[in-house]
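Below are the chains, spelled out letter by letter.
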Amino acid sequence: MRFNEGAGLDTSDVQDVRASGGRGGSGGGRGLAVGGGGLGVVGVIVVVLFQLLGGGGSGTGSGSGLSGFGGIGTDQSADNSQLSQECQTGADANRSVECAVVADIDSIQDYWTQVLGGQYQRTDTVFFSGQVQTQCGAASSGTGPFYCPADQLVYIDLSFYDDLTQRFGAEGGLFVDAYVLAHEYGHHVQNLLGTNQQVTPGESGPTSGSVRLELQADCYAGTWANHAETVPDESGQPLIADITDDDIARALDAAGRIGDDFIQTNLGGGSVDEGSFTHGSSEQRQRWFTTGYRTGDPAQCDTFGTDDLG
């Protein structure tokens, strides 16, 4: 995956709270966060996946092979002023994980603005380190990336990208990082469209509303990927220059490693309990991302209108 060297980056859709001890959206509220890339949720569905991941590691995405800001912790200085200085062009995104994430967020939101028009409301991604307070409750790095409907924000500790490669054995890469974010913004789209109202909080099982919600977010991520090389930014040129077959293969590899069955088998007790599924099996997650990517049509992502989830 490569970014257009001369494209401009906009850091205004990021809230970097890593230096403030992880204060994101206002704490103390209510709401059920939906979990990212399939790795855990805050609130009612804390159960197995949330506990399996434990605490997050350090670092800033070395699995992508690019430089970061040197492993920023909660006691170090990092804010949007630093991001805006460091992340100005696509060339910066090609050398830095943080800047690549900024570019991903720009592209994903430009895509949904193009698809939904006035229905789409841009929202921020919160960079945190260690722990964060949200209107869905408190979360730690071990939660994985997630979206909180109550404050309509995406949250990520960038050390997750290291966890994905080091603990889950995923191949990783810039496009995998983007897939994770596109999944979370898929949840934002669901929230705006009222889709999550079809899901009973705490529901689990292979055909549950929770699984359908997650698989649809995977499919939405695939539709963005289909259009990513052509989605124009404010200057009229795409931020993303190239997505390769290898990038797609890496995303499918990651999807397979964050399926409920893979996590239960490899990071849990070694046995699969379909009754506790909240995100879908590895095969399902790969199938629905592929559906979105091949069709490029969000209308093909109606996981609530089919009896065949894969």
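Higher on the page you've got the structure.
The text that follows walks through the structure, step by step, so that each part is easy to find.

Thresholds applied
Residues numbered from 1 in each chain as written. Predicted model: local features only at pLDDT ≥ 70, side-chain atom pairs only at ≥ 80, totals over all residues. Heavy atoms only, no water. Buried < 20%, exposed > 50% of the residue type's maximum accessible area, 1.4 Å probe, protein only. Helix = DSSP H or I, 4+ residues; strand = E, 2+ residues; numbered from the N terminus. Pairing = 2+ DSSP bridges. Expected span 1.5 Å × (residues − 1). Contact = heavy atoms within 4.5 Å. Disulfide = S-S within 2.5 Å. Phe/Tyr/Trp six-rings, centres within 6.5 Å; stacked < 30°, edge-to-face > 60°.

## Comments concerning the pairing of strand β8 (residues 153–156)
- Going residue by residue along β8, you find L153 and Y155 tucked away on one face and V154 and I156 tucked away on the opposite face as well.
- Examined bridge by bridge, strand β4 (residues 125–127) and β8 share 3 bridges and lie parallel to one another. Among the inter-strand pairings, F127 is bridged to a residue of β8, identified as I156.
- Summarising the sheet, strand β7 (residues 146–148) and β8 pair through 3 bridges and their orientation is antiparallel. Across the sheet, residue C148 finds its bridge partner in β8, namely L153.

## What to know about helix α8 (residues 245–257)
- Across its 13 residues, α8 extends 19 Å between first and last C-alpha, which sits within 8% of the 18 Å expected from 1.5 Å per residue.
- Along α8, the positions that sit buried rather than exposed are D247, I248, A251, D253, A254, A255 and G256.
- On its buried face, α8 is in contact with α5 (160–166), α6 (174–193), β9 (240–242), α9 (260–267) and α10 (282–295).

## Topic: the state of the cysteines
- Evaluation of the coordinates by the stated rule reveals 3 disulfides.
- The partner cysteine of C136 in its disulfide is C148, sulfur to sulfur 2.1 Å. Its S-S torsion of approximately 95 degrees makes the covalent link between C136 and C148 right-handed. With C136 in the loop between β5 (131–134) and β6 (137–140) and C148 in strand β7, the pair connects residues that are 12 residues apart, well separated along the chain. As far as burial versus exposure is concerned, C136 and C148 are alike and both buried.

## Focus: the packing of aromatic side chains
- The tally for this structure, following the rule as stated, stands at 7 aromatic pairs.
- Consider the rings of F146 and Y155, whose centres lie 5.0 Å apart with planes at 15 degrees: the pair is stacked. There is no split in this pair, since F146 and Y155 are both buried.
- Judged by centre distance (5.3 Å) and plane angle (70 degrees), the rings of Y179 and F289 are edge-to-face. With Y179 in helix α6 and F289 in helix α10, this pair connects stretches of sequence that are 110 residues apart.
- The class of Y179 is buried, set by a relative accessible area of 1%.

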